[in-house]
Amino acid sequence: MSEVSMSVGENNVSIRHNWNLKEVQALFALPFNDLMFQAQTVHRQHFNANEVQVSTLLSIKTGACPEDCKYCSQSARNKTDLEKESLLAVEKVFEAAKRAKEMGSTRFCMGAAWRNPKARDMPYVLDMVKGVKALGMETCMTLGMLTEDQAQQLQTAGLDYYNHNLDTSPEHYNQIITTRTYQDRLDTLGNVRTAGMKVCSGGIVGLGEKSVDRASLLAQLANLSPQPESVPINMLVKVEGTPLENVDDLESFDFIRCIAVARIMMPKSHVRLSAGRSAMNEQMQAMCFLAGANSIFYGCKLLTAENPETNQDIALFEKLGINTETVVDETADSDRVVQTAISDQQHSDLFTNAAL
Ligand code: SF4
């Protein structure tokens, strides 16, 4: 048994921020069953293994993005048939958030296809944060790059999480995006931390990267201090009209390995099984939960990519005996649980009202 495999199997897992590439590659190279066992062991030390946190993601401004992310249907440089939408009215966002809450989501994420928010956009997004927060949900936004001042404004309005992915390894990055640098991304994550918000940051695999790039991406994420509270691992959804539409598929086991290695390296983070889920069968999703994924998005769209219908998710949770994670409102006088596991009534509602 390798040194790495022994150290991660111990009971007292400390959080490390000094992972080197060789150690991460050694984890990826473990026999599959050993890797899964270690990931599940780490997972159970920090989480209820039968609970999954559930978020809903709403696109509040769609398409016409000036950035050149080669995987993205929303880039103005990619010739996709996406319908563009300008910034949604604040009331529409509140309606969507209420429905998401009724359907069992504990966190409402709002995403805008911007390079960065402009000064004229800020009053609207701040109102969105305040209104969704007032519903008793956790709030998350992804708006592109943020200045220190914008991050502070969002935190003051009540934003809990900010999502900004590293996307891929620093080595593969220039093959995927040229209009902002890796350091720009790290700077935004730094501004989010300085403002006192939680960080949601992960990446996309299946971008034509090598396996060493997947190890390098996870090393970047794990070596952030503190580590991101939420780590979305996305499987590329190939979109016609993007430069990556014909890239080779990633082997399913390589994706599951990514989840397991992320779980081992970031033991206290929620690892989110994110885009690409609609192409995964139930057995593959179950394997991802076993590898330590404990967060998903509900709803039929992930920004613009397909996501499994909510009722399918509920059916899968029932088959696996998984409950949705509860959220405690730390701002309340007592520990008031603001969102409980989905009730039978909500289950039946989901079958008639499945998508946002
Ligand atoms: S991933 Fe985000 S920043 Fe990149 S093109 Fe798409 S919407 Fe724009």
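To be clear, the structure that these remarks concern was listed above.
Residues numbered from 1 in each chain as written. Predicted model: local features only at pLDDT ≥ 70, side-chain atom pairs only at ≥ 80, totals over all residues.

1. Let's talk about the site of the ligand
Piece 1. Around the ligand lies a shell formed by Cys65, Glu67, Cys69, Cys72, Gln74, Ser75, Ala113 and Gly144.
Piece 2. Across the shell around the ligand, the residue classes tally to 4 nonpolar, 3 polar and 1 charged. (Near = placed C-beta within 6 Å. Nonpolar A, V, L, I, M, F, W, Y, C, P; charged D, E, K, R; others polar.)

2. A word on helix 8 (residues 211-222)
The α-helix winds at 3.6 residues per turn, so residues separated by three or four positions along the chain end up facing the same way.
Piece 1. With 12 residues, helix 8 ought to run about 16 Å at 1.5 Å a step, and its terminal C-alpha atoms sit 17 Å apart, in line with that.
Piece 2. For helix 8, the buried fraction is high: 9 of the 12 residues fall into the buried class.
Piece 3. What helix 8 keeps buried is the set Asp213, Arg214, Ala215, Ser216, Leu217, Leu218, Ala219, Leu221 and Ala222.
Piece 4. Buried-residue contacts for helix 8 involve helix 2 (21-28), strand 6 (203-205), strand 7 (230-235) and helix 9 (252-265). (Helix = DSSP H or I, 4+ residues; strand = E, 2+ residues; numbered from the N terminus. Expected span 1.5 Å × (residues − 1). Buried ≥ 20, exposed ≤ 12 C-beta atoms within 10 Å, placed from the backbone. Contact = placed C-beta atoms within 7 Å.)

3. Section: the nonpolar core
Piece 1. Ranked by internal contacts, the top residues of the largest apolar core, which has 91 residues, are Met141, Tyr162, Leu218, Ile259 and Ala262.
Piece 2. By residue number, the principal contributor to this core is helix 9, which donates 9 residues.
Piece 3. Apart from the residues within four sequence positions on either side, methionine 141 is in contact with Cys109, Met110, Val125, Val129, Leu154, Leu159 and Tyr162. (Core = buried A, V, L, I, M, F, W, Y, C linked by C-beta atoms within 7 Å.)

4. A look at unusual backbone geometry
Piece 1. Residue proline 226 is bonded to the preceding serine 225 through a cis peptide linkage, with omega at 0°.
Piece 2. Residue position: proline 226 is located in the loop between helix 8 and strand 7.
Piece 3. In this structure, alanine 64 is a non-glycine residue whose phi angle is positive, near 60°.
Piece 4. Mapped onto the fold, alanine 64 is located in the loop between strand 1 (51-61) and helix 4 (90-102).
Piece 5. Residue classification places alanine 64 among the partly exposed residues on the basis of 14 C-beta atoms within 10 Å.
Piece 6. Of note in the backbone geometry, aspartate 167 takes a positive phi value of approximately 75° without being a glycine.
Piece 7. With respect to the helices, strands and loops of the structure, aspartate 167 is situated in the loop between strand 4 (161-163) and helix 7 (182-194).

5. Brief notes about helix 9
Piece 1. Helix length check: helix 9 (14 residues) gives 20 Å between terminal C-alpha atoms against 20 Å at 1.5 Å per residue, within 8%.
Piece 2. A large share of helix 9 lies buried, amounting to 11 of its 14 residues.
Piece 3. Among all positions in helix 9, only Phe255, Ile256, Arg257, Cys258, Ile259, Ala260, Val261, Ala262, Arg263, Ile264 and Met265 are buried.

6. Some details on the environment of leucine 159
Piece 1. Considering the arrangement of structural elements, one finds leucine 159 in the loop between helix 6 (148-157) and strand 4.
Piece 2. C-beta crowding within 10 Å serves as the criterion here: with 27 such atoms nearby, leucine 159 is assigned to the buried category.
Piece 3. The sequence separation of leucine 159 and methionine 141 amounts to 18 residues, and the corresponding C-alpha distance is 7.5 Å.
Piece 4. Those residues in contact with leucine 159, other than ones at most four positions away along the chain, are Val129, Thr139, Met141, Leu154 and Met197.

7. Regarding the packing of helix 3 (residues 32-46) against helix 9
Piece 1. Contact geometry for helix 3 and helix 9: axes closest at 8 Å, N-to-C directions at 40°. Crossing geometry of helix 3 relative to helix 9 is assigned as left-handed. Facing helix 3, whose interface residues are Phe32, Leu35, Met36, Gln38, Ala39, Val42 and His43, helix 9 presents Phe253, Arg257, Ala260, Arg263 and Ile264.
Piece 2. Its residues assigned to classes, the contact of helix 3 with helix 9 shows 8 nonpolar, 2 polar and 2 charged. (Axes fitted to C-alpha atoms, helices over the stretch in contact; angles between N-to-C directions. Left-handed = near helix turned anticlockwise from the far one by under 90°.)

8. Topic: the pairing of strand 8 (residues 270-273)
Piece 1. Of the two faces of strand 8, the one lined by His270 and Arg272 and the one lined by Val271 and Leu273 are each fully buried.
Piece 2. Strand direction decides the pairing type here: strand 7 and strand 8, joined by 4 bridges, are parallel. Its bridge partner lying in strand 8, isoleucine 233 is registered against leucine 273.
Piece 3. Handedness of the β-α-β unit built from strand 7, helix 9 and strand 8 comes out right-handed.
Piece 4. Taken together, the 2 bridges between strand 8 and strand 9 (residues 295-298) define a ladder with parallel strand orientation. Paired with leucine 273 across the bridge in strand 9 is isoleucine 296. (Pairing = 2+ DSSP bridges. Right-handed = clockwise from strand over helix to strand, strands pointing away.)

9. Comments concerning the environment of leucine 82
Piece 1. Mapped onto the elements, leucine 82 comes out in the loop between strand 1 and helix 4.
Piece 2. Leucine 82 gets classed as partly exposed once you count the C-beta atoms within 10 Å, which come to 18.
Piece 3. Spatially, the C-alpha atoms of leucine 82 and glycine 63 are 7.0 Å apart, while their sequence positions differ by 19 residues.

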